[in-house]
Amino acid sequence: MPDIVLATINAKFIHAAFGLRYLRANLGTLRERSTILEFDLQQRPVDMLERILEQSPKIVGVGVYIWNVVASLQLVSELKRVRPDITVIIGGPEVSHETDQQEICRLADYVITGEADLAFAELCGQLLVEKRRPLIRRIDATLPEFEIRSKSPAMAITGRSDQTAEVIALPYAEYTDADLKHRIIYVEASRGCPFSCEFCLSSLDVPVRNVPTDAFLVSMQNLFDRGCRQFKFVDRTFNLNLGIASSILKFFLDRYEPGLFVHFEMVPDRLPEGLRTLIKQFPAGALQFEVGIQSFNPEVEALISRRQNHEKLEDNLRWLRRETGVHVHADLIVGLPGEDVASFGRGFDTLVELGPQEIQVGILKRLRGTPIVRHDEAWGMVYSPTPPYEVLQTKLISFAQMQAMRRFSRYWDLVANSGSFTSTLKLLLADGPFANFTRFADWIWQRAGNRTHGIALNPLAEMVFEFLTLDPALDRRTAAANALVADFSRTGRECPASILNHASIRPEPRSRKDRVAPRRQSRHLA
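Residues numbered from 1 in each chain as written. Predicted model: local features only at pLDDT ≥ 70, side-chain atom pairs only at ≥ 80, totals over all residues. Heavy atoms only, no water.

1. A closer look at the sheet that holds strand β13 (residues 327-334)
The strand order across the open sheet formed by six strands is β7-β10-β11-β12-β13-β14, and the pairing between neighbours is parallel. Since the sheet does not close on itself, it has two edges, and those belong to β7 (185-187) and β14 (358-363), each with one partner. With direction set aside, neighbouring strand axes in the sheet form an average angle of 25°. With three bridges joining them, strand β10 (residues 230-233) and strand β11 (residues 261-266) adopt parallel strand pairing. The residue of β11 that forms the bridge with K232 is H263. Packed onto the sheet, helix α14 (residues 399-417) meets β13 and β14 and runs at close to 155° relative to β14. (Pairing = 2+ DSSP bridges. Helix = DSSP H or I, 4+ residues; strand = E, 2+ residues; numbered from the N terminus. Axes fitted to C-alpha atoms, helices over the stretch in contact; angles between N-to-C directions. Contact = heavy atoms within 4.5 Å.)

Put into C-alpha cells, the structure is as follows:
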C-alpha cells in the first residue's frame, strides 16, 4: 500500500493531471511509496474518498483548481472527518492565494502555495523519513528551476546552484500506456509569462523559465516512441523564444505522420519569417494555435496592462488562415474593466473577419491573486462569490446584458465552434456578425424554452433553419436549406426531412473515412 496518494478531480476523464505527474516524478526515493488517483466531476466525492481510503495512505495530496474546488472541499472535509489521522496537503492555483479566506485551507494540515514540484517532496520527506511535523502550515514554495544557472561543475553535479535551487525532474515517464491511448497528453517547454495582463494568473509567474531543449526533446521522443501522437503544450507564450520554438516545430515536422496533432498557445503579434517557414510546411490539421486576443480596444488593454500590436496580430491571423492549415482558436473576454457590449461587439466583428476556426467568447473571471480587483470600485465590477467567480455586472454592462452575453457565448459554441454549421454560419452572420448572432441568441433563448443546454443537433438545426427563414422578404428558405444539407453531408449525418424538403440539392454520400469532424481540444487543464 502506498504511503502517499496524489489525487485531484479533473474536469473530464480525458484530461490527465499534469501537476500530479510532476509531483510524483520529483518525490525521489519516496516515489515508489506513492500513487496517483484521478477523478472527474461526474463522480461523487464520497466515492472518491472510498477509493483513497482503500490505499490506506499516510499522506493525501490534493490538487485544487478553480473547476474542482467545491468538490475538493467536500472531499477534504469528509476525509478529515473519517480519518483525521491522515495528513492532508493541498496545493494548486486555487489555494495559492487568499488562503486565509478559504475553508479548504483551514481543513487541510498543510497548504503549499506556488509551484510545489519540490516543496511537496521536501514536506513528505519531513513527515515520513524524518518523522517530524513542521509547525508552519502554509508553505510558500520557491520557484524551482529546470536547469542549474551556475558555471560551477561541482554544483551542476550535486544538483545545486548558488541559491541551492534544485532541478525539476521531468514528468513524462509518469504517463501510462493507458494515458497515451485515452487521454490528452500535456507537455511544457517553459513556465511563466513576460506579460502583466491583470486578469491572468500567468502574469504573476516571473521569470519565464525554459526547459533545456535537448532534455525536453528527448522526453518528446520517448513519448512519440511509445505511441503518443497528440501533444498539448501548456506554455503561455510558446513563440516567445524563437530559437526554442523553431527547434520544437522542426522536431514535430521531421516526425510528421497522419494523426499527429500539436496544440500551442501563442503570442498573436509575434510570428517572424523563420517560424512562418516551418509552420507552413505542416499539413492541414496537424497544428492548433490558441491565440489569446481578449480585446481589440486599446484603452481597455492599457487599463489592464495588456500589450499587443493589433496590426501585426491581424496580419499574422490572416496569414495563418490564408497560407497554412493551422486550426486557429482565438479568445475574447466579455466584461473587462472599461469595455461595454458595443466595444466588445466591434472587436468580435474584427475577429470574425480575420477568420479563425474557433472564437472562444469567455466571461471575465476574478481569479484569486490577480490584480484585476484594483478596478472593482472605479468600474463597478461585481463578481460571483462562487467558482468560477465570473463577473455578474460592471459599470458599463448590466446584469441583464451580461446574462445575454453568457447565452451568446453558449450558443456560439453550439453553432459556430462545434464545426457542425460551417456553411450555414455564413448566412447566419451575413454582414453584421455580432448584431446578427445577438438577435439569433435572443431568439433561440425564447424558442428553446429558456435552455442553453440539452439541445440535440437535429432540433438545433431546425431552429437555425426557422430563424433564417423568419423574414419572408428575404426568401432565404432554399439557400438556408442547401447550406444545412451541405453541413450535414460534410459531417456524414442525416439531414432532418423538414430541412431537406426545402433544399434544391441532395446530400452527397460519404464513406466514414471521408467524414469531416472538427479537431478540438478543451482549453481547460486538469
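2. Some words on the sheet that holds strand β2 (residues 34-40)
Strands belonging to one sheet form pairs held by backbone hydrogen bonds; the direction of such a pair is parallel or antiparallel. Strand order in the open sheet formed by six strands is β2-β1-β3-β4-β5-β6, and the pairing between neighbours is parallel. The open sheet has two free edges, formed respectively by β2 and β6 (138-140), since each of these has just one partner strand. Strand after strand, the sheet turns through a mean of 20° between neighbouring axes, direction not considered. Pairing between strand β5 (residues 110-113) and β6: three bridges, direction parallel. The residue of β6 that forms the bridge with V111 is R138. On the sheet, helix α2 (residues 45-54) packs against β1 (4-10), β2 and β3 (59-63) and is oriented at approximately 165° with respect to β2.

3. A look at the confidence of the model for the chain
For the chain, per-residue confidence averages 92 on the pLDDT scale, and 93% of positions sit at 70 or higher. In this model residues 150-164 is a low-confidence stretch, pLDDT under 50, and it forms 15 contacts with partners more than four residues away in sequence or in other chains. Contacts from residues 522-526, a stretch scored under 50 in pLDDT, to residues over four places away or in other chains number 21 contacts. (pLDDT = per-residue confidence, 0-100.)

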